[in-house]
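Results of the structural survey
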Amino acid sequence: MNRGSRNFIESLTIENLNMPTEQQTLDEIMDLAAQHFKVSRDKLQPDEDFFKTLDIDSLQALDLLTRLENHFHVEMPDYELQGVTDFRTLANRIQSRL
Amino acid sequence: MNSFQGEALSWELSAGVIELALHRERCNEIGSLTLGELERFASALDAMTRQAHALIIHSTLPSGFCAGADLRELFQRSQEMEKAHAVAGVRDFLERIHRVLNTIDAAPLTTIAAVHGVTFGGGFELALVCDLIIADKMARFCFPELRLGLIPGFGGIPRLKRDLGNGVVRDLLLTGRSFNATRAHAVGLISQVVGEGEALRAARATAAQLAKFDRKTAIAAKKFIKPIPHHELKQEIDLFCQLFVEPAVEAGLRKFVESTDLQPYLP
């Protein structure tokens with residue numbers, strides 16, 4: 001068995017098969033944010049400032065963080081989100097904890 | 001006084017359960033107004049304990065249980081006076097709130113904090129005086145004081161140390177990060193995690209269960225298992241006042257009060 005086929009087989013673990021892609025994570029985050037903050041899903045764009053598009057303050061941002069942790073079953077220290085204002089970067093940070 | 005309706009909080013004694021509700025916008029920040037009403041509550045508590053077996057502390061605000069000390073008031077008042085007077089004022093405030101919290105901590109009835117949302121700083125410390133913490137899954141706990149150049153001043157460190165392993169205390173204190181109810185449950189900080197909006201209902205069910213037990217036994221059990229760390233609490237006040245005169249505190253408070261940052265809670 002060559003190295004390439006072994007790596008492919010090793011990647012077929014249950015964890016990896018169940019792992020969402022970053023695009024799926026991004027879509028789930030935007031779905032959840034749109035639903036909770038009652039904003040049309042069509043208005044949300046991956047690279048836009050979600051504080052502005054969702055019209056949320058710091059306490060609501062904390063609420064969003066807790067909802068994302070509960071939804072994805074991850075723990076996200078809030079200092080890792082310092083300066084994060086767009087959905088794509090947020091998805092990237094969450095993906096790194098899945 | 002079995003019931004009270006204040007600006008920052010209200011309480012009512014009914015069927016053996018005292019419910020203390022916090023309701024000062026924006027998120028129950030504890031300043032002189034709240035402290036004054038908490039002192040009224042502490043004064044009334046002794047008489048109420050003769051008719052009550054449980055106390056539930058909760059917030060009626062959607063934003064959370066309590067965001068901690070009123071930093072805007074602290075900053076404004078400290079700017080209005082000389083440093084020495086400001087420190088004396090801070091010490092007086094801390095000693096007053098410690099008296100209130102020690103009274104609740106030692107009260108001869110079972111105390112339950114029913115928390116949701118933001119439970120930060122002094123709000124976290126208020127929850128920690130209770131015998132049980134019941135949190136809904138949206139609750140979030142944090143000691144952000146180090147970002148102000150301070151330490152928690154309402155008895156948080158000794159009480160957290162009383163309840164948890166030192167590693168968890170260090171994580172919360174030294175990183176200033178927040179964590180959610182699931183993690184708080186995993187480390188043994190809270191006794192129950194319930195669905196969103198269900199903490200008060202679960203606290204009432206727990207209070208109803210407590211009514212079945214002999215009062216004298218329940219009081220003796222609490223006194224045995226939950227000693228108040230008086231010496232460390234006094235040390236905490238001294239250290240807080242010592243740090244309060246450092247330039248980092250004024251800079252930290254100013255940054256918080258004047259910040260337009262949408263994530264000011266982040267250390």
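In the block above lies the structure referred to throughout.
Reading the values: rules and limits
- Residues numbered from 1 in each chain as written.
- Chains lettered and ligands numbered in written order.
- Predicted model: local features only at pLDDT ≥ 70, side-chain atom pairs only at ≥ 80, totals over all residues.
- Heavy atoms only, no water.
- Disulfide = S-S within 2.5 Å.
- Pairing = 2+ DSSP bridges.
- Helix = DSSP H or I, 4+ residues; strand = E, 2+ residues; numbered from the N terminus.
- Axes fitted to C-alpha atoms, helices over the stretch in contact; angles between N-to-C directions.

1. Some remarks on the state of the cysteines
Residues and elements named next belong to chain B. Inspection of the entire model under this criterion finds 0 disulfides over all chains. Free of any disulfide, Cys-66 has its nearest cysteine sulfur in Cys-27, 6.6 Å distant. Among the cysteines around Cys-241, which has no disulfide bond, Cys-66 carries the closest sulfur, lying 20 Å off.

2. Brief notes about the sheet that holds strand S9 (residues 140–142) of chain B
Residues and elements named next belong to chain B. Strands sit in the order S5-S7-S9-S10 across an open sheet of 4 strands; the sheet is mixed. Edge strands, defined here as strands with exactly one partner in the open sheet, are strand S5 (64–66) and strand S10 (178–180). The sheet shows a mean angle of 20 degrees between the axes of neighbouring strands, taken without regard to direction. Of the pairings in the sheet, the one linking strand S7 (residues 118–120) to S9 comprises 3 bridges and is parallel in character. Within S9, the position partnered with Thr-119 by the bridge is Phe-141.

3. Section: the pairing of strand S2 (residues 9–14) of chain B
Residue and element names in this part refer to chain B. Of the pairings in the sheet, the one linking strand S1 (residues 3–5) to S2 comprises 3 bridges and is antiparallel in character. Across the sheet, residue Ser-3 finds its bridge partner in S2, namely Glu-12. Two elements, S2 and strand S3 (residues 17–22), share 6 bridges in a ladder whose sense is antiparallel. From the neighbouring strand, Leu-9 faces S3, where its bridge partner is Leu-22. Where S2 folds back on S3, the antiparallel hairpin that results is connected by 2 residues, among which Ala-15 adopts a positive phi of roughly 50 degrees.

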